[in-house]
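Architecture at a glance
Chain by chain, the residues:
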Amino acid sequence: MEGGRGPPPETLEEEKQPDCTLPTSPEVSSLKKSNWGFLLTGLVGGTLVALYAVATPFITPAFRRICLPFIPATAKQVENVVKMLRCRRGTLVDIGSGDGRIVIAAAKEGFTAVGYELNPWLVWYSRYRAWQEGVQGSATFYISDLWKVTFSQYSNVVIFGVPQMMPQLEKKLELELEDDARVIACRFPFPHWTPTWVTGEGVDTVWAYDASSFRGAGRGPRATRFQVVIQIP
Ligand SMILES: C[S@@+](CC[C@H](N)C(=O)[O-])C[C@H]1O[C@@H](n2cnc3c(N)ncnc32)[C@H](O)[C@@H]1O
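By the naming in an unreviewed UniProt entry, the protein goes by ATP synthase subunit C lysine N-methyltransferase and is assigned to Catagonus wagneri. The Sequence similarities (unreviewed entry) comment attached to the protein in UniProt states, word for word, "Belongs to the ANT/ATPSC lysine N-methyltransferase family." According to UniProt, the comment filed for the protein under the heading Subcellular location (unreviewed entry) is "Mitochondrion membrane".

As structure tokens, then:
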């Protein structure tokens, strides 16, 4: 009787689920893997290239003879520069203009302002910021090496430099600027010139030098003896 109770052999066959999946050949699965591999390599490679392109202009200043990195002026520093420009007008240049904040602030004060900057990303960003602030007509930015530019056409010169470059820049400006020019130094003063005006304190200190006075400095006792430095509160 035992054999009579069990399911008939046909029913057992019907309950079996047919396997509809195609057998994957090793070639197909390795092709899929290699596609992902290509995509991943492309993504990683692309990201690295983009990072390299963005980071290089920020890193290369460190390997130059004079290392002048991008350190933006503080709001107080910009305010002090603007203070030093009171009663001045005409053209202005920021040597190593960074993200353009000084040039834009000067343009807002009515100056025809120009920035020279080695880092192309910062120059493109500065142009965008000038456009955003509505001063694109009076704020211009160039990708240039400051040592290859002549500053003779500017009546106001701003520099936020580093101590190592100041003696060389001092000589360059002394040769190039007109007698009515004013040079404004942020954070680090020029080594030999005597400032006409000083304002701010600590890292926000700003010195103003009038070309008429630094032209005479060091060329006789008169200029150095009677130079008066005025501290603006
Ligand atoms: C200390 S930051 C000052 C930025 C800006 N002037 C400010 O006050 O916010 C100096 C800038 O000079 C730029 N720089 C460095 N070497 C340069 C060179 N040889 N010619 C032009 N710009 C340079 C740097 O990329 C950096 O943006």
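There is more to say, and it comes next.
What follows concerns the overall build of the protein. For the protein, the helix and strand inventory stands at 9 helices and 8 strands. Looking at the protein as a whole, 29% of its 233 residues are labelled buried. The contacts of the protein with a sequence gap of at least 6 include a subset with a gap of at least 24, amounting to 64%.

Here the focus is the packing of helix H4 (residues 75-84) against helix H5 (residues 101-108). Contact geometry of H4 with H5 gives a least axis separation of 10 Å together with a crossing angle of 40°. On the basis of the axis angle, H4 is oblique to H5. Considering how the two elements wind past one another, H4 and H5 form a crossing that is right-handed. Across the interface between the two elements, Val78, Val81 and Val82 from H4 touch Arg101, Ile102 and Ala105 from H5.

Let us look at the site of the ligand. Neighbouring the ligand are 21 residues, the closest being Leu68, Ala73, Gly96, Gly98 and Leu146. Counting only elements with at least two residues in the shell around the ligand, the list comes to H5 and strand E2 (112-117). Within the shell around the ligand, the residues separate by chemical class into 13 nonpolar, 4 polar and 4 charged.

H5 sits mainly inside the fold: 7 of its 8 residues count as buried. Among all positions in H5, only Arg101, Ile102, Val103, Ile104, Ala105, Ala106 and Ala107 are buried. Buried residues belonging to H5 abut H4, strand E1 (91-95), E2, helix H6 (120-132), strand E3 (139-143) and strand E4 (156-159). A positive backbone phi angle near 105° is found at glycine 110, which sits one or two residues after H5.

Another aspect to go through is the environment of alanine 107. Among the structural elements, alanine 107 can be located in helix H5. C-alpha separation for the pair alanine 107 and leucine 92, spaced 15 residues apart in sequence, amounts to 8.7 Å. If we ignore the near neighbours within four places in the chain, the residues touching alanine 107 are Ala113, Ala130, Val135, Ser138 and Ala139.

Before going further, it helps to examine the UniProt feature "transmembrane region" (unreviewed entry) in the protein. Using the residue numbers shown here, the UniProt feature "transmembrane region" (unreviewed entry) corresponds to residues 36-55. For residues 36-55, the end-to-end C-alpha separation is 28 Å, with 100% helix and 0% strand making up the annotated structure.

So, on to the pairing of E2. Summarising burial for E2: 5 of the 6 residues are buried, a large majority. In terms of strand pairing, E1 meets E2 through 5 bridges, oriented parallel. When the sheet's bridge partners are listed, aspartate 94 is paired in E2 with glycine 115. Crossover handedness for the path E1 to H5 to E2: right-handed. As judged from the 5 bridges shared by E2 and E3, these two strands associate in the parallel manner.

Our focus in this paragraph is the environment of serine 126. Take serine 126: it is sitting in helix H6. Judged by local crowding, serine 126 falls into the buried class, with 24 C-beta atoms found within 10 Å. A sequence separation of 29 residues divides serine 126 from serine 97, and the C-alpha atoms of the two residues are 8.5 Å apart. With near-sequence residues (within four places) excluded, serine 126 lies in contact with Ser97, Asp99, Gly100, Val103, Gly115 and Phe141.

Where H4 is concerned, the buried positions are Gln77, Val78, Asn80, Val81 and Met84. The buried residues of H4 occupy an angular sector of 160° when projected down its axis, which confines them to one face. Tucked inside the fold, the buried residues of H4 contact H5, E4, strand E5 (182-186), strand E6 (197-199) and strand E7 (206-210).

Parameters and conventions
- Residues numbered from 1 in each chain as written.
- Predicted model: local features only at pLDDT ≥ 70, side-chain atom pairs only at ≥ 80, totals over all residues.
- UniProt positions renumbered as here; feature names shortened; annotations may be inferred.
- Helix = DSSP H or I, 4+ residues; strand = E, 2+ residues; numbered from the N terminus.
- Buried ≥ 20, exposed ≤ 12 C-beta atoms within 10 Å, placed from the backbone.
- Contact = placed C-beta atoms within 7 Å.
- Axes fitted to C-alpha atoms, helices over the stretch in contact; angles between N-to-C directions.
- Parallel < 35°, antiparallel > 145°, perpendicular 65-115°, else oblique.
- Left-handed = near helix turned anticlockwise from the far one by under 90°.
- Near = placed C-beta within 6 Å.
- Nonpolar A, V, L, I, M, F, W, Y, C, P; charged D, E, K, R; others polar.
- Pairing = 2+ DSSP bridges.
- Right-handed = clockwise from strand over helix to strand, strands pointing away.
- Arc of directions from axis to C-beta.

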